[in-house]
Amino acid sequence: SQFCSSVYFDNTQMELYHGRLDKTPNAIAIRFRWYATEVPDLVFVERKTHRDSWTGEVSVKERFTLHEKQVMPFLRGEFTVEDKAAEMR
């Protein structure tokens, strides 16, 4: 089994947390996740949309990776999703 670390993001009202806690339809979680005990080479940026299984829908996880050196610039808005998309082309 791998060691997994996650950092979840939300606003000061904790809307994402309460959405998941209250099981609001299509509640989302936004997190950074990495699999390592040391400083990771790659960090996953994930958005998970919760769907109730009784509706016949499945939860969806969308993600992309950042190199460790890109994490802080990404958080500061200096490296954007558009920059990452251009890098992937």
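Draft legend 1. Region of the structure containing the side chain of R33. With respect to the secondary-structure elements, R33 resides in strand β2 (residues 28–34). Although buried, R33 forms no salt bridge, and the nearest oppositely charged side chain, E46, lies 4.3 Å from it. Among the polar contacts made by the side chain of R33, one reaches the side chain of S6 at a distance of 2.8 Å. R33 has contacts with C4, S5, S6, Y8, V43, F44 and E46, leaving out every residue within four places of it along the chain.

Draft legend 2. Quick look at the sheet that holds strand β4 (residues 60–67). Spatially, the four strands line up as an open sheet ordered β1-β2-β3-β4, and their pairing is antiparallel. Either end of the sheet is taken by a strand with one partner, and the two such strands are β1 (5–9) and β4. Taking the axes of each pair of neighbouring strands and ignoring which way they run, one obtains an average angle of 25° across the sheet. Across eight bridges, strand β3 (residues 42–49) lies against β4 in antiparallel orientation. Paired with F44 across the bridge in β4 is T65.

Draft legend 3. The environment of Q70, seen in detail. Within the secondary structure layout, Q70 lies in helix α2 (residues 68–76). Assessed through its relative accessible area of 7%, Q70 is described here as buried. Excluding residues that lie within four positions of it along the chain, Q70 makes contacts with F79, K84 and E87.

Draft legend 4. Examining the packing of aromatic side chains more closely. Throughout the structure, instances matching the rule amount to four aromatic pairs. Joined through ring pairs, the aromatic side chains of F9, F32, F64 and F74 make up one cluster.

Draft legend 5. Structural detail: the pattern of salt bridges. Under the criterion given, the structure shown has six salt bridges. Across the pair R51 and E57 runs a salt bridge, and its minimum N-O distance is 3.8 Å. Overall, the relative accessible area of 24% leaves R51 in the partly exposed class. With a shortest N-O distance of 3.0 Å, R76 and E78 are connected by a salt bridge. Where salt bridges share partners, they join R31, E46 and R63 into one cluster.

Each value, and the rule that gives it
Residues numbered from 1 in each chain as written. Predicted model: local features only at pLDDT ≥ 70, side-chain atom pairs only at ≥ 80, totals over all residues. Heavy atoms only, no water. Helix = DSSP H or I, 4+ residues; strand = E, 2+ residues; numbered from the N terminus. Buried < 20%, exposed > 50% of the residue type's maximum accessible area, 1.4 Å probe, protein only. Lys, Arg positive; Asp, Glu negative; His and termini not counted. Salt bridge = Lys/Arg side-chain N within 4 Å of Asp/Glu carboxyl O. Polar contact = N/O pair within 3.5 Å; in protein donor to acceptor, adjacent residues only side chain to side chain. Contact = heavy atoms within 4.5 Å. Pairing = 2+ DSSP bridges. Axes fitted to C-alpha atoms, helices over the stretch in contact; angles between N-to-C directions. Phe/Tyr/Trp six-rings, centres within 6.5 Å; stacked < 30°, edge-to-face > 60°.

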